[in-house]
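Single-letter residue listing:
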Amino acid sequence: MKESLNLIKSLEEGLKIAEPNQVYRPGKVVAYSNYSTSLAAYIVQLISEQDFNEYVDEHIFQKLGILDSTAYLSLVRNEQITKNKVNGYELIEEGNFKLSTPYYMSMYPSGEINGTAQDLAKFAMALMPQSDNENVLFEDENTLVTMLSQSYAINENVPGIAHGFWEYDGNFKGLTHGGNTVSFSSNFHIVPEENFAVIILTNQASEANISYGLTKELVGEKEIDEVKLADLPNSQITEGKYLTTRRIKSGFLNLFYYLIPLTVKSLNANEIEVSFAGMKADYVQTYPNVYKMINGSNIFIPTNVLYFSIKDGEVR
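The structure displayed is predicted, hence computed values, not measured ones.

A. Layout of the overall build of the protein chain. Looking only at helices and strands, one finds 9 helices and 15 strands in the protein chain. Taking 20 Å as the expected radius of gyration for a compact globule of 316 residues, we find that the protein chain reaches 21 Å, a close match to that expectation. With respect to the three principal axes, the spread of C-alpha positions in the protein chain is 60 × 55 × 45 Å. Taking all 316 residues of the protein chain together, the buried fraction comes to 35%. Contacts spanning at least 24 positions in sequence make up 48% of the contacts within the protein chain whose residues lie at least 6 apart. Looking at the protein chain as shown, the accessible area adds up to about 19,300 Å², and 51% of this sits on carbon and sulfur atoms.

Written out as C-alpha coordinates, the structure reads:
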(Lines give C-alpha, C1' and ligand atoms only; values in the text may rest on other atoms or scores of the structure.)
Protein backbone atom coordinates (compact mmCIF):
# COMPACT_ATOMS: atom_id res chain seq x y z
CA MET A 1 0.00 0.00 0.00
CA LYS A 2 2.77 2.47 0.97
CA GLU A 3 4.70 1.78 -2.26
CA SER A 4 1.55 2.38 -4.35
CA LEU A 5 0.77 5.66 -2.63
CA ASN A 6 4.31 6.92 -3.12
CA LEU A 7 3.74 6.73 -6.88
CA ILE A 8 0.89 9.26 -6.75
CA LYS A 9 1.81 12.62 -8.25
CA SER A 10 0.59 16.06 -7.23
CA LEU A 11 -2.52 17.46 -8.92
CA GLU A 12 -0.39 19.80 -11.05
CA GLU A 13 1.93 16.95 -12.12
CA GLY A 14 -1.03 14.68 -12.88
CA LEU A 15 -2.61 17.31 -15.11
CA LYS A 16 0.63 17.85 -17.02
CA ILE A 17 1.10 14.11 -17.57
CA ALA A 18 -2.49 13.53 -18.76
CA GLU A 19 -3.08 16.71 -20.79
CA PRO A 20 -5.16 15.68 -23.83
CA ASN A 21 -4.93 16.99 -27.38
CA GLN A 22 -7.72 19.31 -28.57
CA VAL A 23 -9.62 17.15 -31.10
CA TYR A 24 -12.83 19.16 -31.50
CA ARG A 25 -13.33 22.87 -32.06
CA PRO A 26 -14.48 24.56 -28.82
CA GLY A 27 -18.26 24.66 -28.46
CA LYS A 28 -18.94 22.07 -31.19
CA VAL A 29 -19.13 18.74 -29.31
CA VAL A 30 -20.28 17.81 -25.81
CA ALA A 31 -18.24 15.07 -24.11
CA TYR A 32 -17.67 14.15 -20.49
CA SER A 33 -14.18 15.05 -19.30
CA ASN A 34 -12.38 13.86 -16.19
CA TYR A 35 -9.54 16.17 -17.15
CA SER A 36 -11.74 19.29 -17.12
CA THR A 37 -13.05 18.44 -13.65
CA SER A 38 -9.53 18.05 -12.32
CA LEU A 39 -8.44 21.25 -14.08
CA ALA A 40 -11.29 23.08 -12.32
CA ALA A 41 -9.99 21.72 -9.01
CA TYR A 42 -6.53 23.03 -9.84
CA ILE A 43 -8.02 26.48 -10.57
CA VAL A 44 -9.62 26.42 -7.09
CA GLN A 45 -6.22 25.49 -5.73
CA LEU A 46 -4.53 28.46 -7.42
CA ILE A 47 -7.20 30.98 -6.39
CA SER A 48 -7.47 29.79 -2.79
CA GLU A 49 -3.71 29.21 -2.43
CA GLN A 50 -4.56 25.93 -0.69
CA ASP A 51 -4.06 22.36 -1.88
CA PHE A 52 -7.43 21.29 -3.28
CA ASN A 53 -7.85 18.47 -0.76
CA GLU A 54 -7.16 20.92 2.09
CA TYR A 55 -9.67 23.40 0.66
CA VAL A 56 -12.36 20.70 0.43
CA ASP A 57 -11.60 19.52 3.95
CA GLU A 58 -11.90 23.05 5.42
CA HIS A 59 -14.83 24.41 3.41
CA ILE A 60 -16.95 21.28 2.88
CA PHE A 61 -15.99 18.26 4.98
CA GLN A 62 -15.43 20.04 8.29
CA LYS A 63 -18.55 22.19 7.90
CA LEU A 64 -20.71 19.11 7.29
CA GLY A 65 -19.12 16.90 9.94
CA ILE A 66 -17.63 14.57 7.34
CA LEU A 67 -14.91 12.67 9.17
CA ASP A 68 -14.19 9.52 7.18
CA SER A 69 -13.69 10.87 3.66
CA THR A 70 -10.89 12.57 1.75
CA ALA A 71 -10.48 14.19 -1.65
CA TYR A 72 -6.95 12.79 -1.89
CA LEU A 73 -5.81 9.52 -0.35
CA SER A 74 -2.57 10.00 1.60
CA LEU A 75 -1.00 7.97 4.37
CA VAL A 76 0.45 11.08 5.97
CA ARG A 77 -2.81 12.99 6.57
CA ASN A 78 -5.44 10.26 6.33
CA GLU A 79 -3.88 7.17 7.86
CA GLN A 80 -7.14 5.96 9.42
CA ILE A 81 -9.08 6.36 6.16
CA THR A 82 -6.37 4.45 4.28
CA LYS A 83 -6.38 1.72 6.92
CA ASN A 84 -10.17 1.32 6.62
CA LYS A 85 -10.26 1.26 2.80
CA VAL A 86 -11.98 -1.91 1.59
CA ASN A 87 -10.74 -4.21 -1.14
CA GLY A 88 -12.17 -4.12 -4.64
CA TYR A 89 -13.36 -7.25 -6.42
CA GLU A 90 -13.78 -8.34 -10.02
CA LEU A 91 -16.66 -10.60 -11.02
CA ILE A 92 -15.54 -13.95 -12.48
CA GLU A 93 -19.01 -15.50 -12.61
CA GLU A 94 -22.20 -15.16 -10.59
CA GLY A 95 -21.26 -15.50 -6.93
CA ASN A 96 -17.54 -15.80 -7.66
CA PHE A 97 -15.11 -12.87 -7.29
CA LYS A 98 -11.38 -12.19 -7.23
CA LEU A 99 -9.40 -9.35 -5.70
CA SER A 100 -8.71 -6.49 -8.12
CA THR A 101 -5.50 -4.50 -8.48
CA PRO A 102 -5.38 -1.30 -6.32
CA TYR A 103 -6.00 1.81 -8.40
CA TYR A 104 -5.15 5.42 -7.62
CA MET A 105 -5.60 8.69 -9.49
CA SER A 106 -3.01 11.46 -9.47
CA MET A 107 -5.46 13.60 -11.45
CA TYR A 108 -7.76 13.94 -8.44
CA PRO A 109 -10.55 14.73 -7.64
CA SER A 110 -11.67 12.66 -10.65
CA GLY A 111 -11.96 9.11 -9.32
CA GLU A 112 -9.87 9.74 -6.21
CA ILE A 113 -12.37 10.76 -3.51
CA ASN A 114 -12.48 8.02 -0.88
CA GLY A 115 -15.07 7.84 1.85
CA THR A 116 -18.30 6.38 3.18
CA ALA A 117 -21.93 6.34 2.07
CA GLN A 118 -22.84 8.04 5.37
CA ASP A 119 -20.53 10.97 4.62
CA LEU A 120 -21.88 11.27 1.08
CA ALA A 121 -25.40 11.32 2.53
CA LYS A 122 -24.40 14.34 4.67
CA PHE A 123 -23.33 16.11 1.48
CA ALA A 124 -26.66 15.23 -0.14
CA MET A 125 -28.56 16.69 2.82
CA ALA A 126 -26.64 19.95 2.46
CA LEU A 127 -27.92 20.26 -1.13
CA MET A 128 -31.57 19.95 -0.14
CA PRO A 129 -33.81 23.03 0.31
CA GLN A 130 -33.23 24.38 3.80
CA SER A 131 -36.28 25.19 5.96
CA ASP A 132 -34.59 28.19 7.57
CA ASN A 133 -33.30 29.49 4.21
CA GLU A 134 -29.75 29.08 5.43
CA ASN A 135 -27.17 26.66 4.13
CA VAL A 136 -23.96 25.77 5.89
CA LEU A 137 -22.07 25.58 2.57
CA PHE A 138 -23.24 28.82 0.97
CA GLU A 139 -23.34 32.37 2.30
CA ASP A 140 -25.90 33.40 -0.34
CA GLU A 141 -29.06 31.26 -0.27
CA ASN A 142 -29.47 31.75 -4.04
CA THR A 143 -26.18 29.97 -4.75
CA LEU A 144 -27.71 26.54 -4.14
CA VAL A 145 -30.68 27.37 -6.37
CA THR A 146 -28.33 28.42 -9.16
CA MET A 147 -26.11 25.37 -8.67
CA LEU A 148 -29.04 22.96 -9.10
CA SER A 149 -30.58 24.81 -12.05
CA GLN A 150 -30.12 23.69 -15.63
CA SER A 151 -26.95 25.02 -17.25
CA TYR A 152 -27.22 23.22 -20.60
CA ALA A 153 -29.64 21.03 -22.55
CA ILE A 154 -29.57 20.09 -26.20
CA ASN A 155 -33.37 19.97 -26.45
CA GLU A 156 -36.19 21.24 -24.25
CA ASN A 157 -37.61 17.71 -23.89
CA VAL A 158 -34.29 16.14 -22.90
CA PRO A 159 -32.70 16.15 -19.42
CA GLY A 160 -29.67 18.43 -19.40
CA ILE A 161 -26.77 19.34 -17.16
CA ALA A 162 -27.03 21.29 -13.92
CA HIS A 163 -23.53 22.64 -13.21
CA GLY A 164 -21.90 19.22 -13.00
CA PHE A 165 -24.97 17.15 -12.14
CA TRP A 166 -26.94 15.17 -14.72
CA GLU A 167 -30.67 15.82 -14.73
CA TYR A 168 -32.67 12.59 -14.46
CA ASP A 169 -36.11 12.12 -15.97
CA GLY A 170 -37.93 10.24 -13.19
CA ASN A 171 -41.21 10.74 -11.30
CA PHE A 172 -39.65 14.00 -10.13
CA LYS A 173 -36.64 15.85 -11.50
CA GLY A 174 -33.51 14.17 -10.19
CA LEU A 175 -29.93 15.38 -10.13
CA THR A 176 -27.29 12.72 -10.24
CA HIS A 177 -23.62 12.01 -10.70
CA GLY A 178 -21.96 8.62 -10.76
CA GLY A 179 -18.46 7.38 -11.27
CA ASN A 180 -16.28 4.32 -11.18
CA THR A 181 -12.70 3.15 -11.19
CA VAL A 182 -11.41 -0.43 -11.18
CA SER A 183 -13.95 -2.38 -9.10
CA PHE A 184 -15.32 0.67 -7.27
CA SER A 185 -18.38 2.71 -8.17
CA SER A 186 -20.63 5.41 -6.76
CA ASN A 187 -24.06 6.73 -7.65
CA PHE A 188 -25.23 9.99 -6.06
CA HIS A 189 -28.86 10.88 -6.79
CA ILE A 190 -30.86 13.67 -5.17
CA VAL A 191 -34.47 14.72 -5.66
CA PRO A 192 -34.63 18.18 -4.00
CA GLU A 193 -38.35 18.55 -4.74
CA GLU A 194 -39.01 15.55 -2.48
CA ASN A 195 -36.12 16.05 -0.01
CA PHE A 196 -35.00 12.59 -1.05
CA ALA A 197 -31.66 11.07 -1.96
CA VAL A 198 -30.18 7.71 -2.90
CA ILE A 199 -26.50 7.08 -2.18
CA ILE A 200 -24.91 3.86 -3.42
CA LEU A 201 -21.25 2.82 -3.18
CA THR A 202 -19.98 -0.58 -4.34
CA ASN A 203 -16.62 -2.34 -4.27
CA GLN A 204 -17.19 -4.78 -7.13
CA ALA A 205 -17.07 -4.59 -10.90
CA SER A 206 -20.18 -5.37 -13.00
CA GLU A 207 -22.32 -3.45 -10.53
CA ALA A 208 -24.84 -1.71 -12.84
CA ASN A 209 -27.79 -3.67 -11.45
CA ILE A 210 -27.01 -2.31 -7.98
CA SER A 211 -25.86 1.24 -8.58
CA TYR A 212 -28.28 2.06 -11.43
CA GLY A 213 -31.04 -0.54 -11.19
CA LEU A 214 -31.67 -0.07 -7.46
CA THR A 215 -31.63 3.72 -7.82
CA LYS A 216 -34.18 3.54 -10.63
CA GLU A 217 -36.52 1.45 -8.47
CA LEU A 218 -36.24 3.86 -5.55
CA VAL A 219 -36.66 7.17 -7.40
CA GLY A 220 -39.42 5.94 -9.70
CA GLU A 221 -40.09 6.44 -13.39
CA LYS A 222 -42.55 8.83 -15.01
CA GLU A 223 -45.34 7.17 -17.01
CA ILE A 224 -45.17 7.71 -20.77
CA ASP A 225 -48.02 9.73 -22.23
CA GLU A 226 -49.46 7.51 -24.95
CA VAL A 227 -51.34 10.47 -26.48
CA LYS A 228 -48.05 12.08 -27.47
CA LEU A 229 -46.94 9.03 -29.45
CA ALA A 230 -49.09 9.89 -32.47
CA ASP A 231 -47.77 11.80 -35.47
CA LEU A 232 -44.07 11.49 -34.56
CA PRO A 233 -41.21 11.04 -37.06
CA ASN A 234 -40.60 7.47 -38.20
CA SER A 235 -37.89 5.85 -36.09
CA GLN A 236 -36.14 4.38 -39.16
CA ILE A 237 -34.23 7.64 -39.54
CA THR A 238 -32.28 6.82 -36.36
CA GLU A 239 -30.86 3.50 -37.57
CA GLY A 240 -27.10 3.24 -37.70
CA LYS A 241 -23.88 2.79 -35.74
CA TYR A 242 -22.62 5.51 -33.39
CA LEU A 243 -19.30 6.26 -31.68
CA THR A 244 -19.01 8.01 -28.33
CA THR A 245 -17.30 11.41 -28.28
CA ARG A 246 -15.65 10.33 -25.03
CA ARG A 247 -13.00 8.08 -26.48
CA ILE A 248 -9.30 7.79 -27.22
CA LYS A 249 -8.61 9.32 -30.63
CA SER A 250 -5.12 8.01 -31.43
CA GLY A 251 -3.14 4.79 -31.39
CA PHE A 252 -4.46 1.24 -31.29
CA LEU A 253 -7.22 2.01 -28.75
CA ASN A 254 -8.85 4.33 -31.28
CA LEU A 255 -9.65 1.21 -33.33
CA PHE A 256 -11.21 -0.48 -30.31
CA TYR A 257 -14.22 1.88 -30.30
CA TYR A 258 -14.95 1.08 -33.95
CA LEU A 259 -15.19 -2.60 -33.00
CA ILE A 260 -17.92 -1.98 -30.40
CA PRO A 261 -20.11 0.85 -31.69
CA LEU A 262 -23.50 1.70 -30.23
CA THR A 263 -26.03 0.28 -32.70
CA VAL A 264 -29.58 1.58 -33.19
CA LYS A 265 -32.24 -0.52 -34.93
CA SER A 266 -35.83 0.49 -35.64
CA LEU A 267 -38.44 -1.89 -34.17
CA ASN A 268 -41.50 -0.03 -35.44
CA ALA A 269 -42.51 3.54 -36.26
CA ASN A 270 -42.02 4.74 -32.65
CA GLU A 271 -39.63 2.24 -31.04
CA ILE A 272 -35.92 1.47 -31.37
CA GLU A 273 -33.52 -1.11 -29.98
CA VAL A 274 -30.17 0.17 -28.76
CA SER A 275 -27.29 -2.28 -28.31
CA PHE A 276 -23.73 -1.93 -27.04
CA ALA A 277 -21.14 -4.61 -26.24
CA GLY A 278 -23.77 -7.34 -26.15
CA MET A 279 -26.22 -5.39 -23.96
CA LYS A 280 -29.57 -4.13 -25.26
CA ALA A 281 -32.43 -1.82 -24.35
CA ASP A 282 -35.69 -0.76 -25.99
CA TYR A 283 -36.70 2.90 -26.27
CA VAL A 284 -40.00 4.52 -27.28
CA GLN A 285 -40.32 7.93 -28.95
CA THR A 286 -42.04 10.40 -26.59
CA TYR A 287 -41.37 13.69 -28.44
CA PRO A 288 -40.05 14.30 -31.96
CA ASN A 289 -36.72 12.42 -32.14
CA VAL A 290 -36.63 12.00 -28.33
CA TYR A 291 -36.68 8.41 -27.03
CA LYS A 292 -37.26 7.10 -23.48
CA MET A 293 -35.95 3.72 -22.28
CA ILE A 294 -38.76 1.26 -21.49
CA ASN A 295 -36.83 -1.94 -20.73
CA GLY A 296 -33.44 -3.57 -21.11
CA SER A 297 -30.00 -3.67 -19.52
CA ASN A 298 -29.49 -1.41 -16.52
CA ILE A 299 -26.26 -0.16 -18.08
CA PHE A 300 -28.42 2.17 -20.21
CA ILE A 301 -30.19 3.83 -17.24
CA PRO A 302 -27.76 6.81 -17.12
CA THR A 303 -28.77 7.49 -20.74
CA ASN A 304 -32.44 6.63 -20.28
CA VAL A 305 -33.38 9.47 -22.66
CA LEU A 306 -31.85 9.73 -26.14
CA TYR A 307 -32.14 12.61 -28.59
CA PHE A 308 -31.31 12.44 -32.30
CA SER A 309 -30.48 15.77 -33.92
CA ILE A 310 -31.84 15.70 -37.47
CA LYS A 311 -30.65 17.95 -40.31
CA ASP A 312 -31.56 17.60 -43.98
CA GLY A 313 -33.25 14.26 -43.28
CA GLU A 314 -30.22 12.68 -41.57
CA VAL A 315 -28.93 12.30 -38.04
CA ARG A 316 -26.19 14.82 -37.36
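B. Structural view of the side chain of Lys292. Within the element layout of this structure, Lys292 appears in strand β12 (residues 290–296). Given a relative accessible area of 5%, Lys292 falls into the buried group. At 3.2 Å, the side chain of Lys292 and the side chain of Asp169 are in polar contact. Residues contacting Lys292, with those up to four places away along its chain left out, are Asp169, Glu221, Lys222, Ile224, Asp282, Tyr283, Val284, Thr286, Asn304 and Val305.

C. A look at the pattern of salt bridges. In total, this model carries 7 salt bridges according to the counting rule given. Of the charged contacts in the structure, one is a salt bridge between Glu12 and Lys16, with a shortest N-O distance of 3.3 Å. Note that Glu12 and Lys16 are positioned in helix α2 (residues 11–18) at a spacing of 4 residues, about one turn of the helix. In this structure, Glu90 engages Lys98 in a salt bridge whose closest nitrogen and oxygen atoms are separated by 3.9 Å. Given the relative accessible area of 26%, Glu90 is considered partly exposed. A residue is classified by how much of its surface remains accessible, and Lys98, at 44% relative accessible area, is partly exposed. Three or more residues joined by partner-sharing salt bridges are found here, namely Asp169, Glu221, Lys222 and Lys292.

D. Seen up close, the packing of aromatic side chains. Tallied over the entire structure, the rule returns 6 aromatic pairs. Consider the rings of Phe165 and Phe188, whose centres lie 6.1 Å apart with planes at 25°: the pair is stacked. Separated by 23 residues along the polypeptide, Phe165 in strand β4 (residues 165–169) and Phe188 in strand β6 (residues 184–191) bring together distant segments of the chain. Phe165 gets classed as buried once you look at its relative accessible area, which sits at 7%. Given the relative accessible area of 6%, Phe188 is considered buried. Their ring planes at 90° and their centres at 5.6 Å tell us that Tyr291 and Phe308 sit as a pair that is edge-to-face. You can see Tyr291 sitting in strand β12 and its partner Phe308 sitting in the loop between β13 (305–307) and β14 (310–311), a full 17 residues away along the chain. Accessibility expressed as a relative area gives 7% for Phe308, which makes it buried. When the ring centre of Phe184 is taken as origin, the NZ or CZ atom of Lys85, which lies over that ring, is 4.6 Å away.

E. Fine view of the sheet that holds strand β10 (residues 271–276). Reading across from one edge, β8-β9-β10-β11-β12-β13 is the order of the 6 strands in this open sheet, with antiparallel pairing throughout. Strands at the two margins of the open sheet, each flanked by one partner only, are β8 (240–242) and β13. On average, each strand axis in the sheet is inclined to that of its neighbour by 30°, with strand direction left out of account. Judged from the 6 bridges that link them, β10 and strand β11 (residues 279–287) form a sheet pairing that is antiparallel. Directly across from Phe276, in β11, lies its bridge partner Met279.

F. Looking closely at the environment of Val290. Mapped onto the elements of the fold, Val290 is located in strand β12. A sequence separation of 11 residues divides Val290 from Met279, and the C-alpha atoms of the two residues are 21 Å apart. Look past the residues within four positions of Val290 in its chain and what remains in contact with it is Asn155, Asn157, Val158, Val284, Gln285, Val305, Leu306 and Tyr307.

G. Region of interest: helix α3 (residues 34–48). Spanning 15 residues, α3 covers 21 Å between terminal C-alpha atoms, matching the ideal 21 Å at 1.5 Å per step. Taken residue by residue, α3 has Tyr35, Ser38, Ala41, Tyr42 and Gln45 as its buried positions. An end-on view of α3 places all buried positions within 120° of arc, on one side of the element. Those residues of α3 hidden inside the fold are in contact with α2 and α4 (52–64). Structurally, the start of α3 carries an N-cap: the backbone nitrogen of Tyr35 is 3.4 Å from a side-chain oxygen of Ser33. Glu49, located one to two residues past α3, shows a positive phi value of around 60°.

Calculation rules
Residues numbered from 1 in each chain as written. Predicted model: local features only at pLDDT ≥ 70, side-chain atom pairs only at ≥ 80, totals over all residues. Heavy atoms only, no water. Helix = DSSP H or I, 4+ residues; strand = E, 2+ residues; numbered from the N terminus. Rg over C-alpha atoms; globule rule 2.2 N^0.38 Å. Buried < 20%, exposed > 50% of the residue type's maximum accessible area, 1.4 Å probe, protein only. Contact = heavy atoms within 4.5 Å. Areas by Shrake-Rupley, 256 points an atom, 1.4 Å probe, with all protein chains shown as cover. Polar contact = N/O pair within 3.5 Å; in protein donor to acceptor, adjacent residues only side chain to side chain. Salt bridge = Lys/Arg side-chain N within 4 Å of Asp/Glu carboxyl O. Phe/Tyr/Trp six-rings, centres within 6.5 Å; stacked < 30°, edge-to-face > 60°. Lys NZ or Arg CZ within 6 Å of the ring centre and 35° of its normal. Pairing = 2+ DSSP bridges. Axes fitted to C-alpha atoms, helices over the stretch in contact; angles between N-to-C directions. Expected span 1.5 Å × (residues − 1). Arc of directions from axis to C-beta.

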